[in-house]
Amino acid sequence: MPPLTIYWSRRDLRLADNPALLAASSYAVEHKTAFLPLFILEDYMTAGDPAFQFGCPSRWFLSEALPQFASQFEQFAIVTGKGAQYLIELGKKYQLTVFVNDDVYIDFYKQITKLQNAGVNVTVLEDALSVPKDTRSGEGNLYSVFTPFKKNVWARFITYKPQPTFQPIQELSYLSSKEIPALPNLLSNTTGAIFETFSKKRLLTIAGTTLDLAELIPLQNMAGWYTTEAEALKRFADYLKSGDLDAYKKNRDSLELDAANHDETRTAYTGKTSKMSLALAWGLVSARTLMQMMQKHFDESFDNPFSTRVSEGALTYISELIWREFYRYQLFHRPDLMDTEFQKKFQGTIQWVDTETAQARFLAWMKGETGYSIVDAAMKQLAETGWMHNRSRMIVASILTKNFGVDWRWGQEYFRAVLIDLDEASNNGGWQWGASVGADPKPIRIFNAELQAKNYDASGAYQERWLRSDGAFSLNAPSVPIIEHKQAREEALMRYGLGGEGARDY
Ligand SMILES: Cc1cc2nc3c(=O)[nH]c(=O)nc-3n(C[C@H](O)[C@H](O)[C@H](O)COP(=O)(O)OP(=O)(O)OC[C@H]3O[C@@H](n4cnc5c(N)ncnc54)[C@H](O)[C@@H]3O)c2cc1C
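Residues numbered from 1 in each chain as written. Predicted model: local features only at pLDDT ≥ 70, side-chain atom pairs only at ≥ 80, totals over all residues. Heavy atoms only, no water.

Draft legend 1. Summary view of the confidence of the model for the chain. Within the chain, residue pLDDT values average 93, and 96% of them lie at 70 or more. Confidence drops under a pLDDT of 50 for residues 265–269, and excluding neighbours within four residues, the segment shows 15 contacts in the predicted structure. (pLDDT = per-residue confidence, 0-100. Contact = heavy atoms within 4.5 Å.)

Draft legend 2. Molecular detail of the layout of surface pockets. As a volume, the largest pocket reaches approximately 1,300 Å³. Lining the largest pocket are 47 residues; nearest its centre among them are R252, E320, W323, Y327 and N390. Tallying contributions element by element places helix α14 (residues 312–333) first for the lining of the largest pocket, with 7 residues. The residue inventory of the lining of the largest pocket, partitioned by class, reads 21 nonpolar, 13 polar and 13 charged. Approximately 1,100 Å³ is the volume found for the second largest pocket. (1 Å grid on protein atoms, 1.4 Å probe; cavity = no way out; pocket = protein on both sides within 12 Å on 5 of 7 lines; lining within 4 Å. Points joined across faces, edges and corners; volume = space filled by probe spheres on them. Helix = DSSP H or I, 4+ residues; strand = E, 2+ residues; numbered from the N terminus. Nonpolar A, V, L, I, M, F, W, Y, C, P; charged D, E, K, R; others polar.)

Draft legend 3. Geometry of the pattern of salt bridges. According to the stated counting rule, one finds 23 salt bridges in the structure shown. Residue D336 is joined to R334 by a salt bridge in which the shortest nitrogen-to-oxygen separation is 2.9 Å. Residue class for R334 comes out partly exposed when judged on its relative accessible area of 23%. Salt bridges linked by common partners bring R14, D17, D127 and R288 together as one network. (Salt bridge = Lys/Arg side-chain N within 4 Å of Asp/Glu carboxyl O. Buried < 20%, exposed > 50% of the residue type's maximum accessible area, 1.4 Å probe, protein only.)

Draft legend 4. Spatial organisation of empty space enclosed by the protein. One pass over the structure, following the stated rule, counts 6 cavities of 30 Å³ or more. Considered as a void within the structure, the largest cavity measures approximately 240 Å³ in volume. Taken together, 24 residues form the lining of the largest cavity, with R11, D127, A128, R324 and R328 sitting closest to its centre. Broken down by secondary-structure element, the contributors of at least two residues to the lining of the largest cavity are α12 (277–281), α13 (287–298) and α14. Here the lining of the largest cavity takes 3 residues from α14, the largest share from any one element.

Draft legend 5. Local environment of the environment of F415. Checked against the element boundaries, F415 lands in helix α18 (residues 408–418). A relative accessible area of 2% places F415 in the buried class. In this structure, the C-alpha to C-alpha distance between F415 and L255, residues 160 residues apart in sequence, is 19 Å.

And the structure:
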């Protein structure tokens, strides 16, 4: 059988700092084998099966991003199939050596084991985290609290240098243009062909009931988003130049400032936060590259996380990037967190409201019809752009779980269906945090929607921006929420078994 080296591209659509791509291409040159960069559009992505949520924004993104990524290679195969199974079948025709960047999901490791069991030579490279997955405390335990984790990994995070950018190498010989068309389930590298492969269904299954999002939530408009590595890098360079990162600590929570940047033509593209989550989620850039760009821009190593002489904005931003690492680290070690509370005392103990009430409240929440203006505005921002500001994500998660008594897993599932920057680990961590059941146990926080709106959207610009098509928003005439906060708060305390103690209103 002819030898073939594969770079198995997954969530790493970039040439810079791509360990698997570099390793695969070097191996192919060194061992004089043919080289094939390959993306498998997996069945769970294309099927539209709500059991394996791959939402519309992700379908749109891949349809746009894949052809552009592929066009940078002499040959690139986009195929459909089941990840490992596809490679096992291909291994019957070629003697395969596969290079792939790692991930934090259990399914990824199951696929790797399957490949190994089938005798496929596969090498997994470190990429998903920029700090060791096995980071442990002095006592040898895994970290469950963010701050000590951050202290431990900080030095490693800021010094982990990106790898060189992949360059077209003359000695690299691709699979021939005769052999490529013979690959099973080959798609043409066009947006249209890829988009057609996806199901057009927009379904969401919650507590055994399947909802049709196409009827409930208007189709999202993703047009303002970037889809390539070059655009993502430029966006971050512009963000640095604009001074927004320097002012990040001060401005990152402001919903008013976020609204000011959502004009009609650039739906979700600009803002006081960096909007790098999409780039990080699909690997258009690595966190290491962002770190290096900050170091160059400020001419500063940021070796002291507590220094008062360096940009506060940059230090806070690095901290946020380490939150992302923290959640990935948690999910890697605890795959069960996807549907289990991190904190034992809350596993199966919270009495969520009955299913009928929960369904009615969940529907109102999804549609942005709760009567809490700040929540409704946030849900419309998400529905329209596939993205929501972090402050809003915290607010809507707290209101759904605390005020409405709806299980956090429902909210997590809806976000999985509609976020363009879906990162399962951050989404899960965010939802567990929002429901106060996650790692890093803080006192139970009950967000007061009115207070949050006052603190982070005092002028009402954010609410006005996202509710104006309803024509209903006015700061002076607040709408009536489906459940009044004081009553909701008391019920939440009962549900959490707190009876009035130990919770703070935010
Ligand atoms: C309920 C909930 C769900 C969330 N789901 C996701 C998700 O699916 N994907 C996702 O990337 N983030 C998620 N987050 C975290 C956060 O809201 C987004 O990362 C952030 O809003 C993205 O916008 P930005 O890139 O402009 O962020 P910036 O403020 O510019 O931050 C820079 C980067 O730091 C990281 N980051 C910032 N805040 C957080 C955080 N709280 N947790 C983890 N990483 C963070 C992100 O990678 C982000 O791109 C969630 C938060 C909550 C509360």
